[in-house]
Amino acid sequence: MSQIEPQPGIMEISPYVGGKSRIDGMTNIIKLSSNENPFGPSDAVKDAIVRAAHEVHRYPSTDHIELRSAIAEVHGVKVERIICGVGSDEILQMLAQAYAGPGDEVIYTEHGFSMYPILAHAVGATPVQVPEQERVVDVDSILAACTDRTRLIFIANPANPTSTMIGLSEIERLAEGIPAGAILVLDGAYAEFVEGYDGGAKLVEMRDNVVMTRTFSKLYGLGGMRVGWGYAPVEIIAVLDRIRQPFNLSTVALAAAEAAVRDTRYVEHCRSENARLRVWLAEALGEHGVPCDTSMANFVLARFGSREEAEACDQFLQKQGIIVRRVAGYGLPNALRITVGDEPSCRRVAHCIGLFKAGER
Ligand code: PMP
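Residues numbered from 1 in each chain as written. Predicted model: local features only at pLDDT ≥ 70, side-chain atom pairs only at ≥ 80, totals over all residues. Heavy atoms only, no water.

J.: Please clarify how the pattern of salt bridges should be interpreted in this entry.
T.: Pairing of side chains with opposite charge becomes possible as their charged atoms draw close. A full pass over the atoms with the stated rule returns 23 salt bridges. The partner of Glu205 in a salt bridge is Lys78, with the nearest N and O atoms 3.8 Å apart. In this pair, Glu205 is assigned in helix 7 (residues 201–206) and Lys78 in the loop between helix 2 (65–75) and strand 2 (82–85), connecting sequence segments 127 residues apart. The class of Lys78 is partly exposed, set by a relative accessible area of 39%. In this structure, Arg276 and Glu343 form a salt bridge, with 2.9 Å as the shortest nitrogen-oxygen distance. Placement of Arg276 in helix 10 (residues 264–287) and of Glu343 in helix 12 (residues 343–357) is noted, with a sequence separation of 67 residues between them. With relative accessibility at 40%, the residue Arg276 sits in the partly exposed group. Connected through shared salt-bridge partners, Glu273, Arg276, Glu343 and Arg347 make up one network. (Salt bridge = Lys/Arg side-chain N within 4 Å of Asp/Glu carboxyl O. Helix = DSSP H or I, 4+ residues; strand = E, 2+ residues; numbered from the N terminus. Buried < 20%, exposed > 50% of the residue type's maximum accessible area, 1.4 Å probe, protein only.)

J.: What is the right way to read empty space enclosed by the protein from this model?
T.: Regions of empty space are outlined by a rolling probe, equal in size to a water molecule, passed over the atoms. A full pass over the atoms with the stated rule returns three cavities of 30 Å³ or more. Taken as a whole, the largest cavity encloses approximately 90 Å³ of empty space. Taken together, Glu36, Asn37, Pro38, Phe39, Phe193, Lys218, Leu219, Cys270, Asn274, Asn298, Val340 and Gly341 make up the full set of residues lining the largest cavity. Taken together, the residues of the lining of the largest cavity break down into six nonpolar, four polar and two charged. A domain-level breakdown of the lining of the largest cavity finds at least three residues from each of domain 1 (10–40 + 265–357) and domain 2 (43–263). Space inside the second largest cavity adds up to approximately 60 Å³. Ranked by the residues each element gives to the lining of the second largest cavity, the list is headed by strand 5 (residues 150–156), at three residues. (1 Å grid on protein atoms, 1.4 Å probe; cavity = no way out; pocket = protein on both sides within 12 Å on 5 of 7 lines; lining within 4 Å. Points joined across faces, edges and corners; volume = space filled by probe spheres on them. Nonpolar A, V, L, I, M, F, W, Y, C, P; charged D, E, K, R; others polar. Domains from an automatic or database assignment.)

J.: Which parts of the structure should I look at to understand the sheet that holds strand 8 (residues 228–231)?
T.: Strand pairing in a sheet relies on backbone hydrogen bonds, with the paired strands running either antiparallel or parallel. One open sheet accounts for seven strands, arranged 2-8-7-6-5-3-4; its pairing is mixed. Two strands close off the open sheet at either side, each with one partner strand: strand 2 and strand 4 (126–130). Between one strand and the next, the sheet's axes are offset by a mean angle of 20°, whatever the strand orientation. Inspection of the sheet shows strand 3 (residues 105–109) paired to strand 5 by three bridges, in the parallel sense. In the sheet register, Glu105 faces strand 5, and the bridge partner there is Thr150. Across the sheet, helix 2 touches strand 2, strand 7 (210–215) and strand 8, and the angle it forms with strand 2 is around 120°. Sheet strands touched by helix 8 (residues 234–243): strand 2, strand 6 (183–187) and strand 7. Its angle to strand 2, the strand with the most contacts, is close to 30°. (Pairing = 2+ DSSP bridges. Axes fitted to C-alpha atoms, helices over the stretch in contact; angles between N-to-C directions. Contact = heavy atoms within 4.5 Å.)

J.: Sorry if this is basic, but what is going on with the nonpolar core here?
T.: In terms of nonpolar packing, the biggest core is built from 56 residues, with Ile153, Ile155, Leu184, Phe216 and Trp229 touching the most fellow members. Sorting elements by how many residues they give to this core places helix 9 (residues 251–262) first, with seven residues. Taken together, domain 1 (10–40 + 265–357) and domain 2 (43–263) each give at least three residues to this core, which thus spans both. With residues near it in sequence (within four places) discarded, Trp229 still touches Ile71, His75, Val77, Ile82, Ile83, Cys84, Ile91, Met212, Thr213, Arg214 and Phe216. Ala96, Tyr108, Tyr116 and Ile183 belong to the second largest nonpolar core, which has 32 residues in total. (Core = buried A, V, L, I, M, F, W, Y, C linked by side-chain atoms within 4.5 Å.)

J.: Would you take a moment to explain the layout of surface pockets for this structure?
T.: In this model, the largest pocket occupies a volume close to 550 Å³. Val17, Ser114, Arg325, Gly329 and Tyr330 are the residues nearest the centre of the largest pocket, which is lined by 29 residues in total. Of all the secondary-structure elements, those providing two or more residues to the lining of the largest pocket are helix 4 (115–122), helix 11 (307–319) and strand 11 (325–326). Tallying contributions element by element places helix 4 first for the lining of the largest pocket, with three residues.

J.: In this structure, what is going on with the domain arrangement of the protein chain? I would like to understand it.
T.: Buried accessible area, meaning the area lost when the parts come together, often serves as the stated size of an interface. Looking at the assigned domains, one finds that the protein chain contains domain 1 (10–40 + 265–357) and domain 2 (43–263). One C-alpha centre belongs to domain 1, the other to domain 2; they are set 24 Å apart. If you look at the interface, domain 1 gives 31 residues, while domain 2 gives 29 residues. Taken together, the two surfaces of domain 1 and domain 2 that pack against each other cover about 2,600 Å², and 61% of this comes from carbon and sulfur. Its largest share of buried area at the contact with domain 2, domain 1 owes to Arg271, Met296 and Tyr330, together 25% of the area lost on that side. Where domain 1 touches domain 2, the interface holds one salt bridge. With its nearest N and O atoms 2.7 Å apart, the salt bridge here joins Arg135 to Asp293. Where domain 1 packs against domain 2, one counts twelve residue pairs in polar contact (both at pLDDT 80 or more). For the side of domain 1 that touches domain 2, the secondary-structure elements that each account for two or more residues are helix 10 and strand 9 (299–303). If you tally residues by element for the side of domain 1 that touches domain 2, the top one is helix 10, at seven residues. (Buried area = accessible area lost by both parts, 1.4 Å probe. Polar contact = N/O pair within 3.5 Å; in protein donor to acceptor, adjacent residues only side chain to side chain.)

Put into structure tokens, the structure is as follows:
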């Protein structure tokens, strides 16, 4: 028998399952399974990518100062508190690596993003799942689950796949109530879709136990480029910087993200189109007898009468060339998560769900 064994926890991981992107034998599909921006990156971003192509024989910046400065300027945050990563996934991973290990506990919530338990297992820590209240994060349940071994608490606000969020006063109460030695991680992958919400940036500035993560993968249309950032007290930044690979972000990715954050007109256009269409889509589904919670993100969670109905609808949509996301793995077997696409895609998916509900299968 081989004596080669992985570190404790690794084999507990159920590998991450991404949104489906193909239907066998079909072209021209409508992909609404991965919460991507239907409009893609702006022209300014594409130009920056082409320009950066001429520089790829050089190593990229290690301190990401241009991108961090652009983020600081546009978001009104402090450059020394920003760290950039290969998607926000890498920031979450660095937090787990730096702050949790065997014997430690990592809290996440009932329908929380599936990377949280994966990251906990990857460092040998124990993931602790706590209940939500009707698909909304419940601060009291999290506080009740805290122990002196709690190191990290991951919540996405707005949350994936529920699309719901909790208010800043609840987040403050949570940050105030967690044990000393624990960090509250506010995953802001969808924060940009909420008008006037800073993702918790001000709270990070006021406290020593809160970290916020953000991404270029959603609103900015750069999922394929892999850029995210974290906002944290400088002491935590100094820790994460010690384990960050010096060249974690490519020249092309850095240039694309900087152009994206500076192209505020385009970002505003995408944000307002999403806000308009998510309301339209939820109402259209509601009229077909498929309720959704009010979405604060760029997707809706469509709830069906049963697991069988949700699965049958998913099958029907695939036959029409539409891919949405099943979320049974998130404890939501009756639901399908549908990304808010462009207007024709929203109309098409709503129309097809209408046909399905009318009995055409
Ligand atoms: N957090 C949440 C809640 C997400 O939905 C995602 C993307 N699926 C991420 C983090 C990671 O995104 P990225 O690594 O592309 O920034």
